[in-house]
Amino acid sequence: MANQSQGAYTHTQISPSHIATALIGAKLIAYRVNRKPEQLHQLLGMARMATALKLLSYQEHDQLLIELERLCVEGVDHA
């Protein structure tokens, strides 16, 4: 096995907050496309859990709820 120098690569530590945001963002994209009720429930649960664990701020949580409400009112046009 070759010996790698310290400068050969950088190990990036991703914070739990960034992971939570990325996971919720991915689920939000899927919900925007499909608008399935189970996706909405999963998003709401993930947001509640992330907020309770202090991985998502209350402001971010509120912004997500506003976006979800807007999507629910907007409806789906699969034409």
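**Digging into the nonpolar core**
- Grouped together as the largest cluster of nonpolar side chains are twelve residues: Ala20, Ile24, Leu28, Tyr31, Leu40, Leu43, Ala47, Ala50, Leu56, Leu64, Leu68 and Leu71.
- Listed by contribution, the elements that provide at least two residues to this core are helix 1 (16-34), helix 2 (37-52) and helix 3 (58-74).
- If sequence neighbours within four positions are ignored, Ala20 has contacts with Ala50 and Leu55.

**Describing the pattern of salt bridges**
- Counting across every chain of the model gives four salt bridges.
- Close ionic contact of Arg32 with Glu67 constitutes a salt bridge, the shortest N to O distance being 2.7 Å. Of this pair, Arg32 sits in helix 1 while Glu67 sits in helix 3; the two residues are 35 residues apart in sequence, bridging distant segments of the chain.
- Under the relative-accessibility criterion, Arg32 is labelled partly exposed at 40%.
- Of the charged contacts, one joins Arg70 and Glu74 as a salt bridge, the two residues approaching to 2.6 Å between their closest N and O atoms. Taken as a pair, Arg70 and Glu74 lie in helix 3 at a separation of four residues, close to a single helical turn.
- With a relative accessible area of 47%, Glu74 lands in the partly exposed category.
- In this structure, a network of salt bridges that share partners links the residues Arg32, Arg35, Glu67, Arg70 and Glu74.

**Looking at the side chain of His61**
- In this structure, His61 sits in helix 3.
- Given a relative accessible area of 14%, His61 falls into the buried group.
- Beyond its immediate chain neighbours, meaning those up to four positions away, His61 contacts Ala47, Arg48, Thr51 and Leu56.

Parameters at a glance
Residues numbered from 1 in each chain as written. Predicted model: local features only at pLDDT ≥ 70, side-chain atom pairs only at ≥ 80, totals over all residues. Heavy atoms only, no water. Core = buried A, V, L, I, M, F, W, Y, C linked by side-chain atoms within 4.5 Å. Buried < 20%, exposed > 50% of the residue type's maximum accessible area, 1.4 Å probe, protein only. Helix = DSSP H or I, 4+ residues; strand = E, 2+ residues; numbered from the N terminus. Contact = heavy atoms within 4.5 Å. Salt bridge = Lys/Arg side-chain N within 4 Å of Asp/Glu carboxyl O.

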